[in-house]
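# An overview of the molecular structure
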Amino acid sequence: MKKFIFTLLLVTAGVMSGVSHANNSKLSSLCDEWNILSVFSDLGPGETVYQTFHYRLSVDTIIEEQRYIQLEEEGKYIGAMREGNNADIYYIPAGSTYEFLIYAFNAKVGDKLDNLWFGGNLDDSYYIESAEVADIESSNPKRYVVKITCKYNDTSDIIHRDLIWIEGVGLETGPVGYDCIDCEGGAGSVILCANKEGEQIYTSEYGDEYGCEYNAEPVKISLYQASELTVWDGITGVESSSRDTLQFLNETVFSAVLEGHSLTIWPYEYEGKTDIQLFSLADNSIVYSNQFEYGIGIHMTMPGAYMIVMKNSQVRGLILGRVDFEVSLEEGDVTHLTILQTPTIKFLRDSQILILRNNKTYTITGQRIE
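Notes on the structure follow. (Residues numbered from 1 in each chain as written. Predicted model: local features only at pLDDT ≥ 70, side-chain atom pairs only at ≥ 80, totals over all residues. Heavy atoms only, no water.)

Turning to the overall build of the protein, a few remarks are in order. When you go through the protein residue by residue, the secondary structure sums to 4 helices and 26 strands. Per-residue burial for the protein yields a buried fraction of 44% across its 370 residues. Residue pairs at least 24 apart in sequence account for 48% of intrachain contacts in the protein once pairs closer than 6 positions are excluded. As displayed, the protein has an accessible area near 20200 Å², and 48% of this comes from carbon and sulfur atoms. (Helix = DSSP H or I, 4+ residues; strand = E, 2+ residues; numbered from the N terminus. Buried < 20%, exposed > 50% of the residue type's maximum accessible area, 1.4 Å probe, protein only. Contact = heavy atoms within 4.5 Å. Areas by Shrake-Rupley, 256 points an atom, 1.4 Å probe, with all protein chains shown as cover.)

What follows is the structure, given as structure tokens:
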């Protein structure tokens, strides 16, 4: 009877050990999920695409009799990681059994690092000639600045890079860095957010701006020439008498594209300076004013509908266009110059001329009346 109980205890201990091992798919010094924003900007002017990719540590795996945790990108195996005894983390890329050091969160300034993984893939011919921890920023989390020198095979072609490790999170560009070290074009990548055991533990400055999930295709903004309009007052817009003079401007003549949070404008066939203003269609206020010659990029921050108003000495009248920035339009809404199609009604109240537009009342100077 005693022998049976002892045997049962051994079996139970073995099962419990196996369960613990199977559920131990975490690294104590690194998070286990990442949302990475990739910006594909080599497709040509006005063709930048934003896409969020998801990485996660999934299940245990055994490589060369050593336990690792599989790393997946969108559910596809891309490598394996393990942690040493002192916040040192190692990486084996898919298709290999060779182990690299990828993080040393125990390092000190001046430490030299050998056999370091810095991104790329196994087909790259670059190798690290030297790597040194140059600085550890006293931020929360800490940021390690690692200066590396890479050589291409045995040639004189050398790359100098600063790698930034974010303690507990990984590289700025993701858990295992760029896909390609010295590629022309391709995608630039940054961490938006990182989780550990289901809890969000890190948000980058890009995550603050774009959120933890951001995907966007370029949106081309239709521009129109209002030949008979010389002033945009932000309220009455284009009167019916001049609305018929609106002429569509081909994008090869004057182009405007919303790419992510950037509104970019190019006057291809017009020289000289162009004055530009952005009007908020919520309250008809001027939210941006500038002048440019060859092109301009405007960083958009506040969701809403805006009117582009431009004046160029070579163009008769004004150039107009509507931008709906991160606004969910209802079915049937038209995104181009809808404001110009909305009737404007002027009326007299208490000896004061008021303007009614979109069921909102304004004074003649543009002040909204509640």
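Anyway, onward from the coordinates.
For the bond running from N140 to P141, omega is 0°, close enough to zero to count as cis. Residue placement: P141 occurs in the loop between strand 7 (126–137) and strand 8 (143–152). Even without a glycine there, the phi angle at E65 is positive, about 65°. Mapped onto the elements, E65 comes out in the loop between strand 2 (49–63) and strand 3 (66–73). According to the relative accessible area criterion, E65 is exposed, its value standing at 79%. With a phi close to 65°, N284 is a non-glycine residue in the positive phi region. Of note, N284 is situated in the loop between strand 18 (274–280) and strand 19 (286–292). The class for N284 is buried, based on a relative accessible area of 12%.

Membership of the largest hydrophobic core comes to 45 residues, with the highest contact counts inside it found for W34, M81, L116, V146, I148 and W165. A per-element tally of this core places strand 6 (residues 100–104) first, with 5 residues. The contacts of W34, once residues within four sequence positions are left out, are F53, H54, Y55, R56, L57, L71, V169, P175, I191, C193 and A194. Residues I221, F254, I276 and I319 belong to the second largest nonpolar core, which totals 23 residues. (Core = buried A, V, L, I, M, F, W, Y, C linked by side-chain atoms within 4.5 Å.)

A few words now on the sheet that holds strand 19. Strand pairing in a sheet takes place through backbone hydrogen bonds and is either antiparallel or parallel in direction. Spatial ordering of the open sheet is given by 15-14-22-21-18-19, a layout of 6 strands whose pairing is antiparallel. Of all the strands in the sheet, just strand 15 (246–249) and strand 19 have a single pairing partner and so form its edges. When the angles between neighbouring strand axes are averaged without regard to direction, this sheet yields 25°. Here 4 bridges tie strand 14 (residues 223–226) to strand 22 (residues 318–325), and the two strands are oriented antiparallel to one another. Of the residues in strand 22, the one forming a bridge with L223 is G321. (Pairing = 2+ DSSP bridges. Axes fitted to C-alpha atoms, helices over the stretch in contact; angles between N-to-C directions.)

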